[in-house]
Amino acid sequence: MKLDTRAMRYLTPEDWRVLTAVEMGSKNHEIVPTPLIEKIARLKGGASGVHKSISALAKAGLIARMKEAKYDGYRLGYGGLDYLALHTHAARKHVYSVGSRIGVGKESDIMMVADDKGTQKVLKIHRLGRISFRTVKTNRDYLKNRQSASWMYLSRLAAIKEYAFMQALQEEGFPVPEPIAQSRHTIVMSLVDALPMRQVSSVPDPASLYADLIGLILRLAKHGLIHGDFNEFNILIREDRDERDPDNIILTPILIDFPQMVSMDHQNAEMYFDRDVECIKRFFSRRFHFTSTTPGPFFKDAKKTVGRDGARRLDAAVEASGFTKKMVKDLEAAIREQQANCKEDAHDSDDSEDDSEEEGDNGSGEDEQGEVVIGDHISLESEGLQKLTISDGT
Ligand code: ADP
Ligand code: MG
């Protein structure tokens, strides 16, 4: 599923109202009955206006008619949810145009976007339901009952959690992108002008970069957190020229990708901590032929530092954002499932270190659709409807 914004500019304010109505209806209905869509949308043109919009939305692939259902109804698709999120970002002036896709992971699409001043930003679209949920499906009752809603629910949880952590980390001065906005399953953040460490073939001083990265792991731990996916794809390396010595390039690691972060109090915290440390050690040894002479760091030592020197515990940040324990568990199960699937897939390519393009289709441009302006086509009227009726702040 990739974002295709082409139909966006052709949607009328009525179409947006109807799309919003389908989204609202799907909170309680897997397939939203047509009369309910009519009731929520309350278009001036009445039922015929709603039907016209429904056809337009279905033609653009944003909603899908479910014929096998007991009643006539529609289901919101990923495309529809993408449009609603973009619509909100546009109405709030965070996004004006959508450019090319710069990354695609198993669980997200990363798009270049810009605001009306031309400032480039990054839109991350979570796609957690892209894989099949084997364990989650059997473990969790609600998914059995609402299978189609699960992708929407889980992707939204991932975005909410990632945004909450990005905000908390930024407040504590961690090197992370600036969180700008969150809507549904998407996040808008600042564009980091840096390449993933995966694409860095050599560095002048591996020991110093290694120390910085281990330092970050320990600093996170002090604030009660483990990244949980601390690898060469999720660490961007920014190159800055040293002002005092222009020949000297300063490398700064920037951390991204936070939906899987866990607390230092998590029951498997030691495993996650050791895995993050091991990942860096292995990468430095393979890529830069660097092995630290210092063993560790070890979880038991890091654990003693949690909250030390007045460090604010950030593991509570997500709960503070309204995440319930059930949500935490649901998301964790989904991410575990996803990581298990990724591992199976990645197995073959484990040793092909030099193939820096292998991850997704970064930079290949095969799905270029050019820049699409969306901001001009967003009406405040349907945004008003969203504000009135969607009360969960996303
Ligand atoms: P996923 O959850 O799919 O792994 P990530 O958040 O790790 O998604 O992003 C995938 C890729 O997109 C990264 O490896 C990086 O190349 C790029 N990317 C993501 N966020 C940014 C950003 N703020 N600035 C620049 N590049 C980014
Ligand atoms: Mg990543």
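From a predicted model like this one, the values you see are computed outputs, not experimental measurements.

Peer 1: Let's hear about the packing of aromatic side chains: which residues, and what values?
Peer 2: Counting across every chain of the model gives nine aromatic pairs. When the ring of tyrosine 78 is compared with that of tryptophan 151, the centres are 4.2 Å apart and the planes differ by 40 degrees; the resulting orientation is tilted. Of this pair, tyrosine 78 sits in helix H4 (residues 78-91) while tryptophan 151 sits in helix H7 (residues 147-171), and the two are 73 residues apart along the sequence. Both residues of the pair, tyrosine 78 and tryptophan 151, belong to the buried class. Between phenylalanine 283 and phenylalanine 284, the aromatic rings sit 6.3 Å apart at their centres with planes inclined by 75 degrees, giving edge-to-face as the arrangement. Both residues of the pair, phenylalanine 283 and phenylalanine 284, count as buried. The rings of Tyr210, Phe283, Phe284, Phe288 and Phe290 are connected pair by pair, giving a single aromatic cluster. A cation over an aromatic ring shows up here: arginine 219 above the ring of phenylalanine 174, its NZ or CZ 4.1 Å from the ring centre.

Peer 1: Tell me about the site of ligand 1, and name the residues and values.
Peer 2: Ser108, Lys124, Val192, Asn234 and Asp257 are the nearest of the 16 residues found near ligand 1. Residue serine 108 places a side-chain N or O atom 2.5 Å away from an oxygen atom belonging to ligand 1. Between ligand 1 and lysine 124, the relevant distance is 2.7 Å, taken from an oxygen atom to a side-chain nitrogen or oxygen of the residue. When the free accessible area of ligand 1 is taken as 550 Å², the share hidden by the protein chains comes to 88%.

Peer 1: Quick rundown of the pattern of salt bridges? Include the residues and the values.
Peer 2: Enumeration according to the criterion identifies 23 salt bridges in this entry. For lysine 124, the salt bridge is made with glutamate 162, and the minimal N-O distance between the two is 3.1 Å. Remark: glutamate 162 occurs in helix H7 and lysine 124 occurs in strand E6 (residues 120-126); sequence separation between them is 38 residues. Given a relative accessible area of 1%, glutamate 162 falls into the buried group. Residue aspartate 330 pairs with lysine 326 through a salt bridge whose shortest N-O separation is 3.1 Å. Note that aspartate 330 and lysine 326 are positioned in helix H12 (residues 325-346) at a spacing of four residues, about one turn of the helix. If you follow the salt bridges from partner to partner, you end up with Asp82, Arg101, Asp109 and Arg127 in one network.

Peer 1: So what's going on with the packing of helix H8 (residues 206-222) against helix H9 (residues 269-288)? Which residues, and what values?
Peer 2: With their axes 11 Å apart at the nearest point, H8 and H9 run at an angle of 170 degrees to one another. One element, H8, and the other, H9, form an angle in the roughly antiparallel class. In contact with Pro206, Leu209, Tyr210, Leu213, Ile214, Ile217, Leu218 and Ala221 of H8, H9 contributes Phe273, Asp276, Val277, Ile280, Lys281, Phe284 and Phe288. Across the contact of H8 with H9, the residue classes tally to 13 nonpolar, no polar and two charged.

Peer 1: Any details on H9? Residues and values, ideally.
Peer 2: Helical periodicity: at 3.6 residues per turn, an α-helix aligns residues three or four positions apart in one direction. Helix length check: H9, at 20 residues, gives a terminal C-alpha distance of 28 Å against a target of 28 Å (1.5 Å per residue), a fit within 8%. Regarding H9, the residues found buried are Ala269, Tyr272, Phe273, Asp276, Val277, Cys279, Ile280, Phe283, Phe284, Arg287 and Phe288. Buried positions in H9, seen along its axis, are confined to an arc of 145 degrees and lie on one side of it. Taken from the residues just after H9, histidine 289 is the one with a positive phi, measuring 50 degrees.

Peer 1: Describe the coordination of the magnesium ion (ligand 2), with residues and values.
Peer 2: Only Asn234 (OD1) and Asp257 (OD) from the protein reach the magnesium ion (ligand 2) as donors, at distances of 2.1 Å. Here the residue asparagine 234 occupies a position in the loop between strand E10 (225-226) and strand E11 (235-241), and aspartate 257 occupies one in the loop between strand E12 (249-255) and strand E13 (262-263), the gap between them amounting to 23 residues.

Peer 1: Lay out the sheet that holds strand E2 (residues 63-66) with the relevant residues and their values.
Peer 2: Each strand in a sheet pairs with its neighbour through backbone hydrogen bonds, running either in the same direction (parallel) or in the opposite one (antiparallel). Pairing is antiparallel across the open sheet formed by three strands, whose spatial order is E1-E3-E2. A single partner strand is all that each edge strand has here, and the edge strands are strand E1 (32-33) and E2. Bridging between E2 and strand E3 (residues 73-76) involves four bridges; their strand directions are antiparallel. The partner of alanine 64 across the bridge, within E3, is arginine 75. Sitting on the sheet, helix H1 (residues 13-25) touches E1, E2 and E3, and the angle it makes with E3 is about 90 degrees.

Peer 1: Describe the nonpolar core, with residues and values.
Peer 2: In terms of nonpolar packing, the biggest core is built from 59 residues, with Leu169, Met197, Leu213, Phe273, Ile280 and Phe284 touching the most fellow members. Element by element, the count of residues in this core is highest for H7, at 11 residues. With residues up to four places along the chain from it excluded, the contact list for leucine 169 reads Phe174, Val176, Leu220, Leu225, Phe258, Met261 and Leu314. Among the nonpolar cores identified, the runner-up in size contains 39 residues, and Val22, Leu62, Leu86 and Trp151 belong to it.

Peer 1: Just give me the short version of the environment of serine 208, but keep the residues and values in it.
Peer 2: For serine 208, the location among the structural elements is in helix H8. In the structure, serine 208 is positioned 43 residues away from leucine 251 in sequence and 9.3 Å away in space, judged by C-alpha atoms.

Peer 1: Help me get a handle on unusual backbone geometry, residues and values and all.
Peer 2: Along the chain, glycine 296 connects to proline 297 via a cis peptide bond; the corresponding omega equals 5 degrees. For proline 297, the position within the fold is in the loop between H9 and helix H10 (299-304). One non-glycine residue, arginine 42, adopts positive backbone phi at about 40 degrees. Within the fold, arginine 42 resides in the loop between helix H2 (34-41) and helix H3 (46-59). Phi at histidine 289 is positive, roughly 50 degrees, even though this residue is not glycine. Within the fold, histidine 289 resides in the loop between H9 and H10. Overall, histidine 289 belongs to the exposed group, its relative accessible area being 68%.

Analysis parameters
Each chain has its residues counted from 1, running along the sequence as written. Note on labels: chains are lettered from A, ligands numbered from 1, in written order. Local features in this predicted model are restricted to residues of pLDDT 70 or higher, and side-chain atom pairs are both shown and tallied only at a pLDDT of 80 or more, whereas totals for entire chains, interfaces and linings draw on every residue. Here the side-chain values reflect all heavy atoms present in the structure, with hydrogen atoms and water set aside. A pair of Phe, Tyr and Trp rings is counted when the ring centres sit within 6.5 Å of each other, with Trp represented by its six-membered ring. The angle between the planes then sorts it: under 30 degrees is stacked, over 60 is edge-to-face, the rest tilted. In this text, helices come from DSSP runs of H or I with a minimum length of four residues, and strands from runs of E with a minimum of two, each type numbered from the N-terminal end. Throughout this description, buried means an accessible area under 20% of the type-specific maximum (1.4 Å probe, protein chains only), exposed means over 50%, and partly exposed covers the range between. A positively charged side chain is recorded as over a ring if its NZ (Lys) or CZ (Arg) lies within 6 Å of the ring centre. The angle to the ring normal must also be within 35 degrees. Residues are counted as near a molecule or strand when any one of their heavy atoms sits within 4 Å of it. Think of a polar contact as two N or O atoms within 3.5 Å of one another; within protein, one of them needs to be a possible hydrogen donor and the other a possible acceptor, and neighboring residues in sequence only count if both atoms come from side chains. Each accessible area is a Shrake-Rupley result for a 1.4 Å probe, and residues are judged covered by the shown protein chains and nothing else. Throughout this description, the term salt bridge denotes a Lys or Arg side-chain nitrogen within 4 Å of a carboxyl oxygen of Asp or Glu. Note on geometry: axes are C-alpha line fits, over the in-contact stretch for helices, and angles between N-to-C directions span 0 to 180 degrees. Roughly parallel means an angle under 35 degrees; roughly antiparallel, over 145; roughly perpendicular, 65 to 115; everything else is oblique. We call two residues in contact whenever any of their non-hydrogen atoms come within 4.5 Å of each other. Side-chain classes are defined by residue name, with Ala, Val, Leu, Ile, Met, Phe, Trp, Tyr, Cys and Pro counting as nonpolar, Asp, Glu, Lys and Arg as charged, and the others, Gly among them, as polar. Given a helix with a known number of residues, its expected span is that number minus one, times 1.5 Å. Here the arc refers to the set of directions running from the helix axis out to each C-beta atom. Here a donor is an N, O or S atom found within 2.8 Å of the metal, or within 3.2 Å if the metal is Na, K or Ca; sites may look incomplete because water is not among the atoms. A pair of strands is treated as paired once DSSP finds two or more bridges between them. We define a nonpolar core as any set of buried Ala, Val, Leu, Ile, Met, Phe, Trp, Tyr and Cys residues linked to one another through side-chain atoms lying within 4.5 Å.

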